[in-house]
Amino acid sequence: MACWLVKSEPSECSIDDFVAAPDRTIPWDGVRNYQARNFMAQMAVGDAVMVYHSSCQHIGVAGIVRVVRAAYPDPTQFNSESPYHDPKSTPEKPRWQAVDLQFERKLPAVIPLQTIKAAPALSDFPLVRRGMRLSVMPVTQAQWQAILALG
DNA sequence: GCCAACGTTGGC
DNA sequence: GCCAACGTTGGC
C-alpha cells in the first residue's frame, strides 16, 4: 500500500469538509499539473493520503483520508462553466485525472509545516524543499511515520 | 527547440 | 501584499 500527501487550501477543501461530504467522500479534481497528475494515476484503492492545509492560519498536515476510487478522467476539464475547464482536453483523450478520497481521521492537532521542516528525518521530503509547489506527492513509509510521530 | 515574459503557488 | 521559485506560453 502506497502513501501520499495532497495539498489544499482549507477555504477550498479542508479535512472537515470530508466529514460533511456525502459518504465522507470528495472527488479530488482540478489538479492541473502534470507531475501531480502522474502521481494521481499511480494511486490505488486503499492507499492512505495525508491532507495538508496550505495558505491558512494553521499550515500543516491536518488529517488522513483514503483512496476509494482510482484515477478516472476529471469531469471538470470538460465543463466550460468550471474554472478547471481545459478546452484542449477531449473525452476521447482526457488530459487530467481525478481520484475519490474518503475521510479516515482527523489528527488531534495540525502537524505544523515548521515542525516538519525542523525534523532531520524529513529533510528530503518534497514538501519542505524550498519552492516545491507539487500539490500531490508520494510519501515513503518512513516519512509517513516520521510525520505522524511529530503529532 | 530556445528563452523571455507571464501567471501561479504558497510561505512569510 | 511581497516575492521567490517554478511551470507554461508563444515568438522566433
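Further up the page is the structure itself.
One structure accompanies this document, and this report is about it. From a predicted model like this one, the values you see are computed outputs, not experimental measurements.

1. Overview of unusual backbone geometry
One non-glycine residue, D23, lies in positive phi territory at about 60°. Mapping D23 onto the fold places it in the loop between helix 1 (15–20) and strand 2 (25–28). Judged by its relative accessible area of 66%, D23 is exposed. Unusually for a residue other than glycine, S55 sits at a positive phi of about 50°. Its place among the elements puts S55 in the loop between strand 3 (48–53) and strand 4 (60–73). Looking at S55, the relative accessible area reads 59%, which means it is exposed.

2. What about the protein's contact with DNA strand B?
As a structural note, the neighbourhood of DNA strand B is formed by K7, Y52, S54, S55, I59, L113, K117 and R133. Expressed as a percentage, the sugar and phosphate content of the atoms of DNA strand B within 4 Å of the protein is 74%. Contacts to DNA strand B include K7, whose side-chain N or O atom sits 3.0 Å from a phosphate oxygen. Looking at the surface near DNA strand B residue by residue, the class counts come to 3 nonpolar, 2 polar and 3 charged.

3. Concerning helix 4 (residues 141–148)
What helix 4 keeps buried is the set Q143, W144, A146 and I147. Seen from one end, helix 4 has its buried residues packed into an arc of 165°, which puts them on one side. Residues of helix 4 that are exposed and point over 90 degrees away from its buried face: A142 and Q145. Close packing links the buried residues of helix 4 with strand 1 (3–8), strand 3, strand 4, strand 5 (97–112), helix 3 (113–118) and strand 6 (136–139).

4. Details of the nonpolar core
Counting 44 residues, the largest nonpolar core has L5, F18, W28, V61, L101 and I147 as the members making the most contacts within it. When sequence neighbours within four positions are dropped, the list of residues in contact with L101 reads V6, F18, R24, T25, I26, W28, V49, V65, R66, V67 and V68.

5. Observations concerning the pattern of salt bridges
Counted under the stated rule, the structure contains 4 salt bridges. Across the pair K106 and D16 runs a salt bridge, and its minimum N-O distance is 2.8 Å. With a gap of 90 residues between them, K106 in strand 5 and D16 in helix 1 connect regions that are remote in the sequence. E104 is the salt-bridge partner of R66, the closest N and O atoms lying 2.7 Å from each other. Here R66, found in strand 4, pairs with E104, found in strand 5; they are 38 residues apart in sequence, far enough to count as distant. R66 sits in the partly exposed class, given a relative accessible area of 26%.

6. Thoughts on the environment of C56
Residue placement: C56 occurs in the loop between strand 3 and strand 4. Taking relative accessible area as the criterion, C56 reaches 27% and is therefore assigned partly exposed.

7. Section: the sheet that holds strand 6
Here 6 strands make up an open sheet; going across it, the order is 2-5-4-3-1-6 and the pairing mixed. Single-partner strands in this sheet number two, and they are strand 2 and strand 6. With strand direction ignored, the average angle separating the axes of adjacent strands in the sheet is 35°. As judged from the 4 bridges shared by strand 1 and strand 6, these two strands associate in the antiparallel manner. Each residue of the ladder has a partner; that of C3, found in strand 6, is V139.

What counts and what doesn't
- Residues numbered from 1 in each chain as written.
- Chains lettered and ligands numbered in written order.
- Predicted model: local features only at pLDDT ≥ 70, side-chain atom pairs only at ≥ 80, totals over all residues.
- Heavy atoms only, no water.
- Helix = DSSP H or I, 4+ residues; strand = E, 2+ residues; numbered from the N terminus.
- Buried < 20%, exposed > 50% of the residue type's maximum accessible area, 1.4 Å probe, protein only.
- Near = heavy atom within 4 Å.
- Polar contact = N/O pair within 3.5 Å; in protein donor to acceptor, adjacent residues only side chain to side chain.
- Nonpolar A, V, L, I, M, F, W, Y, C, P; charged D, E, K, R; others polar.
- Arc of directions from axis to C-beta.
- Contact = heavy atoms within 4.5 Å.
- Core = buried A, V, L, I, M, F, W, Y, C linked by side-chain atoms within 4.5 Å.
- Salt bridge = Lys/Arg side-chain N within 4 Å of Asp/Glu carboxyl O.
- Pairing = 2+ DSSP bridges.
- Axes fitted to C-alpha atoms, helices over the stretch in contact; angles between N-to-C directions.

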